[in-house]
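Each chain, letter by letter, is given below.
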Amino acid sequence: MIPVNEPLLDGNEKALLLECIETGWISSEGPFVKRFEDEFAARVGRKFGIAVCNGTAALEAAVVALDLGPGDEVILPTFTIISCAAAIVRAGATLVVVDCDPLTWNMTAELVEQKITSKTKAIMVVHIYGLPVDMDPILALADKHGLKIIEDAAEMHGQTYKGRPCGSFGDLSTFSFYPNKHITTGEGGMIVTDNPVLAERCRSLRNLCFQPTKRFVHEELGFNFRMTNMQAALGIAQLERLDEFAQRKRAMGKRYTELLSEIECLQLPVAKIDYAENIYWVYGVVLKDGVDCDAEEIMTRLRDKGIGTRPFFWPMHEQPVLKKMGLFKDENCPVAERVARRGFYLPSGMALTTEQIEEVAQTLKDILQ
């Protein structure tokens, strides 16, 4: 089986993990946590990093830290992972979704502007699959209407927008370090910001809102979102190789495109736009309308040939759990609806070999032709 993802852990990971075990520092109090926070924040051009247990926790803490709640509308793409919507719903705020661009699969400023009302308080920007959102017009909208920006850069380690690191644009920006990301801590996440007040609030929220002097007297309910020293050790070792990993991902994407470009019934990822080069967090493809089956059937055939795949995100406005809450009764986002049904991604893990890429491509060709 060629797995859809396999991380690369052949750097300093073992040595740093062994140091955690030999010193006894395995909890969130260990020294690697602060080091990872500082090094990661510096890498994405931010002043503060707050390490948490996963990317979902990062989003949840960010929403709470910005005091978003009942009566507040938050605009986000419908084409994203459920974590984004869940953080907003749990805070009591209102989801307002926008469709995605048919080529980049990202939200656009034009779509966002159409949904801004007097109740809009924030925009949750989510960079999807390999290309960043066009940020300048989004930031201009936020400035014009006095809106906060939460930037979900979970899939963008090492990516830039007009030369500036993704993760450097939000009032609060978040990352995930799940094993399928460009760098991994097994499970883990990070909030980054330049605002010292927001940074301190996020630190408090991740640590049950313990007070400095009266530890077990609480003025606010927080979370146990702490990252362990062992997770941070992995993160430090992985971060050392981020440039190498980004280059490796782009080489994978280039090779896939070379091998699949002659298949006319496939929409391939956009390799480059005027503000960014694709970093191929995953190599996603979309079946064009001439293909008389959906992505699920092609994925089944690939699985039968020993190749792992994953479907594209399912739109938020079509999520059963959210519709049961009475949300999105008349919402239509035709692009997201189409790519969710006809899109999937191929094996894209950091440990993927050239030989495996060639086998995947040839198998997909045989199935489609």
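You'll find the structure just up there.
Predicted model, so just to flag it, every value in this text is computed and none were measured.

S.K.: Lay out the layout of surface pockets with the relevant residues and their values.
M.R.: For the largest pocket, the calculated volume is near 550 Å³. Residue lining of the largest pocket: 33 residues in total, with I81, Y178, N180, K181 and W281 positioned closest to the centre. At the level of secondary structure, the elements contributing two or more residues to the lining of the largest pocket comprise α3 (55-65), β8 (172-176) and β14 (310-311). At three residues, the largest contribution of residues to the lining of the largest pocket is made by α3. Within the lining of the largest pocket, the residues separate by chemical class into 14 nonpolar, 13 polar and six charged.

S.K.: So what's going on with the nonpolar core? Residues and values would help.
M.R.: Generally speaking, a soluble globular protein has its nonpolar side chains buried in company with each other. F79, M124 and Y129 are the most contacted members of the largest nonpolar core, which has 51 residues in total. Of all the secondary structure elements, the ones that give two or more residues to this core are β1 (48-52), α3, β2 (73-77), α4 (82-90), β3 (94-98), β4 (120-126), α7 (196-206) and α12 (334-342).

S.K.: Any chance you could break down the sheet that holds strand β10 (residues 266-267) for me, citing the residues and the numbers?
M.R.: What the four strands build is an open sheet, ordered β10-β13-β15-β14; its pairing is antiparallel. Strands with a single pairing partner mark the edges of an open sheet, and in this sheet they are β10 and β14. Inspection of the sheet shows β10 paired to strand β13 (residues 283-287) by two bridges, in the antiparallel sense. Counted as the bridge partner of L266 is L287 from β13. Here helix α9 (residues 242-260) sits on the sheet in contact with β13 and β15 (343-346), set at roughly 30° to β13. Here helix α10 (residues 295-304) sits on the sheet in contact with β13, β14 and β15, set at roughly 25° to β15.

S.K.: Please provide a residue-by-residue account of the packing of aromatic side chains, values included.
M.R.: Taken as a whole and judged by the stated rule, the model has 20 aromatic pairs. One aromatic cluster is present, built from ring pairs that chain together F79, W105, Y129, W281, F312, F313 and Y345. When the ring centre of F210 is taken as origin, the NZ or CZ atom of R215, which lies over that ring, is 4.0 Å away.

S.K.: Outline the packing of α10 against helix α13 (residues 354-368), supporting the account with residue identities and numerical values.
M.R.: Closest axis-to-axis distance for the α10/α13 pair is 10 Å, and the angle between their directions is 125°. Between α10 and α13, the angle is such that the two are oblique. Where α10 crosses over α13, the two elements pack in a sense that is right-handed. Across the interface between the two elements, I298, R301 and L302 from α10 touch T363, L364, I367 and L368 from α13. When its residues are assigned to classes, the contact of α10 with α13 shows five nonpolar, one polar and one charged.

The rules behind these values
Residues numbered from 1 in each chain as written. Predicted model: local features only at pLDDT ≥ 70, side-chain atom pairs only at ≥ 80, totals over all residues. Heavy atoms only, no water. 1 Å grid on protein atoms, 1.4 Å probe; cavity = no way out; pocket = protein on both sides within 12 Å on 5 of 7 lines; lining within 4 Å. Points joined across faces, edges and corners; volume = space filled by probe spheres on them. Helix = DSSP H or I, 4+ residues; strand = E, 2+ residues; numbered from the N terminus. Nonpolar A, V, L, I, M, F, W, Y, C, P; charged D, E, K, R; others polar. Core = buried A, V, L, I, M, F, W, Y, C linked by side-chain atoms within 4.5 Å. Buried < 20%, exposed > 50% of the residue type's maximum accessible area, 1.4 Å probe, protein only. Pairing = 2+ DSSP bridges. Contact = heavy atoms within 4.5 Å. Axes fitted to C-alpha atoms, helices over the stretch in contact; angles between N-to-C directions. Phe/Tyr/Trp six-rings, centres within 6.5 Å; stacked < 30°, edge-to-face > 60°. Lys NZ or Arg CZ within 6 Å of the ring centre and 35° of its normal. Parallel < 35°, antiparallel > 145°, perpendicular 65-115°, else oblique. Left-handed = near helix turned anticlockwise from the far one by under 90°.

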